[in-house]
Amino acid sequence: GAVVSQHPSWVICKSGTSVKIECRSLDFQATTMFWYRQFPKQSLMLMATSNEGSKATYEQGVEKDKFLINHASLTLSTLTVTSAHPEDSSFYICSARGGDSFYEQYFGPGTRLTVT
Amino acid sequence: SQKIEQNSEALNIQEGKTATLTCNYTNYSPAYLQWYRQDPGRGPVFLLLIRENEKEKRKERLKVTFDTTLKQSLFHITASQPADSATYLCALLTDNAGNMLTFGGGTRLMVKP
């Protein structure tokens, strides 16, 4: 149980285009979903927290107009990187909380974004 | 703000030995501390959660300790196997609502056969 999927697993896009990443909780309802970014050999950095049906809460330094988050249902959250630039290239990971334990977060497999 | 420190150098040990990884934090003691495993190119996988009033937690070959006086958690893997090779991350809840997890930089463990 407590499986989280992400799609796509990797994507290459041209500078200036937008990319949408999906995060789904497959076997539980996720009341809260989180989006992280991880650069090579660095730890995960929380970008934003979203609760179903509410606006996402962004961490300091994260541009909400650039990283659009939608959490329309209890099993789906999307992150759209708008007008992507090479510096946005990173590993994006979502996690979901819901399951049996309030404090456990279940992570997706991640999406590797490369902007050329 | 809370700072979490893990040894950034890789830990190399021989198969069968016990691996011990350290997580130190600098500020207030969190209500919970968690350990995750991350393989290259993959998302973290939850391993163990320990509460501030628990000194020790075990799960199969894994053992976690939590010392709020030292502001430190130790993560042990006994009878280590090459399949245990991965990066291990400790994470602390850093807000009262229990929302925000702050991760340490992780320690890469290499178990040699």
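Refer to the structure printed above.
As the structure is a computational prediction, the values presented were derived from the model and not from experiment. (Residues numbered from 1 in each chain as written. Chains lettered and ligands numbered in written order. Predicted model: local features only at pLDDT ≥ 70, side-chain atom pairs only at ≥ 80, totals over all residues. Heavy atoms only, no water.)

Can you help me understand the packing of aromatic side chains in this one?
What characterises a pair of aromatic rings is the spacing of the ring centres plus the angle enclosed by the ring planes. According to the stated counting rule, one finds eleven aromatic pairs over all chains in the structure shown. Centroid distance Tyr-36 of chain A to Phe-107 of chain A: 5.5 Å. Interplanar angle 45°. Geometry classified as tilted. Here the residue Tyr-36 of chain A occupies a position in strand E4 (residues 32-38), and Phe-107 of chain A occupies one in strand E10 (residues 106-107), the gap between them amounting to 71 residues. In this structure Tyr-36 of chain A comes out as buried when scored by relative accessible area, which is 0%. Aromatic pair Phe-107 of chain A and Phe-103 of chain B: ring centres 5.8 Å apart, planes at 75°, arrangement edge-to-face. (Phe/Tyr/Trp six-rings, centres within 6.5 Å; stacked < 30°, edge-to-face > 60°. Helix = DSSP H or I, 4+ residues; strand = E, 2+ residues; numbered from the N terminus. Buried < 20%, exposed > 50% of the residue type's maximum accessible area, 1.4 Å probe, protein only.)

So what exactly am I meant to see when it comes to the interface of chain B and chain A here?
It is common to give the size of an interface as the accessible area lost on bringing the parts into contact. Contacts between chain B and chain A engage 20 residues on the former and 17 residues on the latter. Approximately 1,500 Å² of surface area, both sides summed, lies buried where chain B meets chain A, with 58% of it carried by carbon and sulfur atoms. Across the chain B-chain A interface, the total number found is zero salt bridges. Run the count over chain B and chain A and you get three residue pairs in polar contact (both at pLDDT 80 or more). Those elements giving two or more residues to the side of chain B that touches chain A turn out to be strand E4 (32-38), strand E5 (45-51), strand E9 (86-93) and strand E10 (101-103) of chain B. Its residues assigned to classes, the side of chain B that touches chain A shows eleven nonpolar, eight polar and one charged. (Contact = heavy atoms within 4.5 Å. Buried area = accessible area lost by both parts, 1.4 Å probe. Salt bridge = Lys/Arg side-chain N within 4 Å of Asp/Glu carboxyl O. Polar contact = N/O pair within 3.5 Å; in protein donor to acceptor, adjacent residues only side chain to side chain. Nonpolar A, V, L, I, M, F, W, Y, C, P; charged D, E, K, R; others polar.)

Would you explain the state of the cysteines in this entry?
Disulfide: a covalent bond connecting the sulfur atoms of a pair of cysteines. Taken as a whole and assessed by the stated rule, the structure comprises two disulfides over all chains. Two residues share a disulfide in this structure: Cys-23 of chain A and Cys-94 of chain A, whose sulfurs sit 2.0 Å from each other. Between Cys-23 of chain A and Cys-94 of chain A the disulfide shows an S-S torsion of about 80°. By sign, it is right-handed. Of the two residues, Cys-23 of chain A sits in strand E3 (residues 19-25) while Cys-94 of chain A sits in strand E9 (residues 90-97), which places them 71 residues apart along the sequence. With a sulfur-sulfur separation of 1.9 Å, Cys-23 of chain B is cross-linked through a disulfide to Cys-90 of chain B. Taking the sign of the torsion about the S-S bond as the criterion, the disulfide between Cys-23 of chain B and Cys-90 of chain B, at about 55°, is right-handed. Residue Cys-23 of chain B is located in strand E3 (residues 19-25), and its partner Cys-90 of chain B is located in strand E9; the two are separated by 67 residues in the primary sequence. Exposure remark for Cys-23 of chain B: the relative accessible area of 0% places this residue in the buried category. Residue classification places Cys-90 of chain B among the buried residues on the basis of a relative accessible area of 0%. (Disulfide = S-S within 2.5 Å.)

Which parts of the structure should I look at to understand the sheet that holds strand E8 (residues 76-81) of chain A?
Within a beta sheet, neighbouring strands are joined by backbone hydrogen bonds and run either parallel or antiparallel to one another. Residues and elements named next belong to chain A. A sheet is described by the order of its strands in space; here four strands give the open sequence E1-E3-E8-E7, paired in antiparallel fashion. With one partner strand each, in any of the chains shown, strand E1 (4-7) and strand E7 (67-73) form the two edges of the open sheet. Here the strands of the sheet are splayed against their neighbours by 15° on average, with no regard to which way each runs. (Pairing = 2+ DSSP bridges. Axes fitted to C-alpha atoms, helices over the stretch in contact; angles between N-to-C directions.)

Any chance you could explain the pairing of E5 of chain B here in plain terms?
For a regular strand, the rule is simple: side chains alternate between the two faces of the sheet. Residues and elements named next belong to chain B. Counting buried positions along E5 yields five of seven residues, so the element is predominantly enclosed. Note that E4 and E5 share six bridges and pair antiparallel. By the bridge assignment for E5, Leu-33 is matched with Ile-50. Where E4 folds back onto E5 in an antiparallel hairpin, the turn is made up of six residues, including Gly-41, whose phi is positive at roughly 70°.

What's the story with the pattern of salt bridges in this structure? I'm lost.
Pairs can form between side chains of opposite charge once their charged atoms are near each other. Under the definition given, this model contains seven salt bridges over all chains. Among the ionic pairs, Glu-22 of chain A bridges to Arg-24 of chain A, the shortest N-O distance being 3.4 Å. Given a relative accessible area of 34%, Arg-24 of chain A falls into the partly exposed group. Residue Lys-3 of chain B pairs with Glu-5 of chain B through a salt bridge whose shortest N-O separation is 4.0 Å.

Sorry, what's going on with the environment of Thr-87 of chain B here?
All names here are of chain B. Mapping Thr-87 onto the fold places it in strand E9. Put simply, Thr-87 and Gly-105 are 18 residues apart on the chain and 9.3 Å apart in space, counted from C-alpha to C-alpha. Apart from the residues within four sequence positions on either side, Thr-87 is in contact with Tyr-36, Arg-37, Gln-38, Gly-106, Thr-107 and Arg-108.

What's the story with unusual backbone geometry in this structure? I'm lost.
Glycine aside, a negative phi is what most residues show, and trans is what most peptide bonds show. Residue and element names in this part refer to chain A. Cis rather than trans, the peptide bond between His-7 and Pro-8 has omega equal to 0°. Here Pro-8 lies in the loop between E1 and strand E2 (10-13). One non-glycine residue, Lys-41, lies in positive phi territory at about 60°. When you line up the elements, Lys-41 lands in the loop between E4 and strand E5 (44-51). Overall, the relative accessible area of 88% leaves Lys-41 in the exposed class. The backbone of Ser-83 sits at a positive phi, close to 45°, despite the residue not being glycine.

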